[in-house]
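Chain by chain, the residues:
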Amino acid sequence: MGLVWPPLAWMMASLLSFLGVILFSYLAWLTYNAKPEDSENRLISFMLVCEGFGAALFMIPFGFPWTPASVDYAQWIQNFQILFFAMLPFIYLAFTGIQPSKVSSFFGRDNIQKLLLGAGLLLGIYLMIAQWNEALICQWDEASQKLGFGQSGAFVLIIFGILMTNFYLIFSLFMSKRNPKIDDERKTRIRTYLRGYALRYLFILASMGYYLVYKSYFHAGGTLPLWFTGFIFVCYALGNIVFGVMFSMGILQGQILGIEHLFKTNINRAAMGGLLVSAFFVTEEVMQNFLSEEYGFVGGLMVTFGMMGARTPILKIIDKGTDSMVVDALEINDDAAKIYREQYLTVVHDGVITELERRMLKITAKALRLSEDQCKEIESEHSEDVIEEE
């Protein structure tokens with residue numbers, strides 16, 4: 001007997017969470033290195049690491065084959081996720097402290113910030129040890145011949161804490177936005193953070209809305225079907241990725257010229273991917289209810305491939321939507337060379353280009369869509385007595 005795999009949506013959520021942790025790790029590195037002395041950069045980097053690894057360790061086992069041998073591997077992996085989830089409420093509270101709002105000024109004190117991060121780390125380590133094999137429970141269900149996943153009260157409390165501190169952070173951001181003393185750059189940053197939250201919950205609410213429609217027309221009561229729980233996981237993974245991208249972009253758009261274009265391209269791709277996944281599952285489920293399982297799968301593929309063929313006009317529509325969410329600080333046109341030149345002169349004012357500064361220049365060049373030869377030509381105009389560190 002061959003391996004029995006979980007529903008396709010479960011495997012896609014597992015894959016997305018794995019890709020997400022790679023993306024989040026890169027964004028954390030980029031955010032930290034853009035301005036390592038800035039506490040906001042450091043906190044966002046820490047947040048991205050915990051968000052990425054927490055979601056990945058939680059969802060990757062959902063893609064494992066349904067066999068008793070998978071239980072130990074899934075259980076071992078999921079044991080580590082509570083370490084990252086337990087730190088998130090404390091990171092969110094510390095992040096509220098650096099916002100220009102009176103409702104969160106208490107958490108902005110340096111000793112309070114250190115206390116919060118230390119408490120989060122200690123709580124995570126304690127829960128990981130005390131709740132080993134208990135926080136999340138993976139078992140083999142002999143009756144249904146599939147993996148079953150459960151959670152303890154401690155895990156539920158941690159998730160509740162994450163939600164409450166998220167709402168407090170959103171409230172703090174709203175209050176900070178109303179502060180008349182902040183400059184335009186800070187307002188733009190806060191708006192980007194809030195848009196990140198809006199998009200994150202939009203994905204989750206969209207999946208809930210689809211469930212209500214599905215239940216009303218196709219499924220009269222009972223537990224959630226397996227494919228739909230997988231669909232919720234996919235929505236969560238996509239929302240989490242967009243959230244991380246928006247938070248990272250919020251702080252980097254004032255530190256790396258042209259970064260908005262780079263992020264905007266990736267957001268458009270993620271949105272297109274989400275539409276393709278949604279179209280496949282919606283079409284598959286509708287046709288399965290009216291025809292058969294085979295017709296549902298084939299119909300889902302046909303609609304998905306049809307959308308891929310028409311991706312150019314669809315991406316144009318998506319691009320118009322992201323224009324309202326991602327505000328470009330500059331337009332990429334004939335001034336791209338001038339912008340890169342200004343960034344280069346800022347970097348070489350001390351006569352030395354470090355390895356980190358070179359990486360940032362490459363990111364700027366990519367965002368401005370400048371080729372390597374164009375960059376070399378611009379730099380050659382001002383490269384006298386400039387030392388580049390290896």
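Since this is a predicted model, take the numbers as computed values, not measurements. (Residues numbered from 1 in each chain as written. Predicted model: local features only at pLDDT ≥ 70, side-chain atom pairs only at ≥ 80, totals over all residues. Heavy atoms only, no water.)

S.K.: Got a sec to walk through the overall build of the protein chain? Specific residues and values, please.
M.R.: The number of helices and strands found in the protein chain is 14 helices and four strands. Within the protein chain, the proportion of its 390 residues that are buried is 49%. In the protein chain, the proportion of contacts linking residues at least 24 apart, taken out of those at least 6 apart, comes to 76%. (Helix = DSSP H or I, 4+ residues; strand = E, 2+ residues; numbered from the N terminus. Buried < 20%, exposed > 50% of the residue type's maximum accessible area, 1.4 Å probe, protein only. Contact = heavy atoms within 4.5 Å.)

S.K.: How would you summarise the layout of surface pockets if you had to cite specific residues and measurements?
M.R.: Counted as a void, the largest pocket has a volume near 880 Å³. Sorting the residues of the lining of the largest pocket by element identifies helix 2 (39-59), helix 4 (81-97), strand 2 (146-151), helix 6 (153-177), helix 7 (184-217) and helix 8 (226-252) as the ones contributing at least two each. Taken together, the residues of the lining of the largest pocket sort by class into 22 nonpolar, six polar and three charged. (1 Å grid on protein atoms, 1.4 Å probe; cavity = no way out; pocket = protein on both sides within 12 Å on 5 of 7 lines; lining within 4 Å. Points joined across faces, edges and corners; volume = space filled by probe spheres on them. Nonpolar A, V, L, I, M, F, W, Y, C, P; charged D, E, K, R; others polar.)

S.K.: Would you mind going over the packing of helix 4 against helix 5 (residues 110-130) in detail, with residue names and values included?
M.R.: Contact pair helix 4 / helix 5: the axes reach a minimum separation of 7 Å and the direction vectors enclose 170 degrees. The angle between helix 4 and helix 5 places the two elements in the roughly antiparallel class. Handedness of the helix 4/helix 5 crossing: right-handed. Seen from helix 4, the contacting residues are I82, L83, A86, M87, F90, I91, L93, A94 and G97; seen from helix 5, they are Q113, L116, L117, A119, G120, L121, L123, G124, I125, L127 and M128. For the contact of helix 4 with helix 5, the per-class residue count stands at 16 nonpolar, four polar and no charged. (Axes fitted to C-alpha atoms, helices over the stretch in contact; angles between N-to-C directions. Parallel < 35°, antiparallel > 145°, perpendicular 65-115°, else oblique. Left-handed = near helix turned anticlockwise from the far one by under 90°.)

S.K.: Can you explain the side chain of S176? Please cite residues and give values.
M.R.: By secondary structure assignment, the location of S176 is in helix 6. Relative accessible area serves as the criterion here: at 0%, S176 is assigned to the buried category. At a separation of 2.8 Å, a polar atom in the side chain of S176 contacts the main-chain carbonyl oxygen of S172. With residues near it in sequence (within four places) discarded, S176 still touches Q99, P100, S101, I182 and I190. (Polar contact = N/O pair within 3.5 Å; in protein donor to acceptor, adjacent residues only side chain to side chain.)

S.K.: Before we move on, could you go through the pairing of strand 2 and cite the residues and values that matter?
M.R.: Pairing of strand 1 (residues 136-141) with strand 2, which is carried by six bridges, proceeds in the antiparallel orientation. Looking at the pairing, Q139 lines up with G148 of strand 2. Turn length for the strand 1-strand 2 hairpin, with the two strands adjacent in sequence and antiparallel, is four residues, and the turn residue Q145 shows positive phi of about 55 degrees. (Pairing = 2+ DSSP bridges.)

S.K.: So what about the packing of aromatic side chains? Which residues, and what values?
M.R.: Inspection of every chain in the model, using the stated rule, returns 22 aromatic pairs. Ring centres of F95 and Y193 lie 5.5 Å apart, and the angle between their planes is 70 degrees; this geometry places the pair in the edge-to-face category. In this pair, F95 is assigned in helix 4 and Y193 in helix 7, connecting sequence segments 98 residues apart. Assessed through its relative accessible area of 0%, Y193 is described here as buried. Through pairs of rings, three or more aromatic residues link up here, namely W10, F58, F62, W66, F85, F155 and F233. The ring centre of F243 lies 3.9 Å from the NZ or CZ of R200, which sits over that ring. (Phe/Tyr/Trp six-rings, centres within 6.5 Å; stacked < 30°, edge-to-face > 60°. Lys NZ or Arg CZ within 6 Å of the ring centre and 35° of its normal.)

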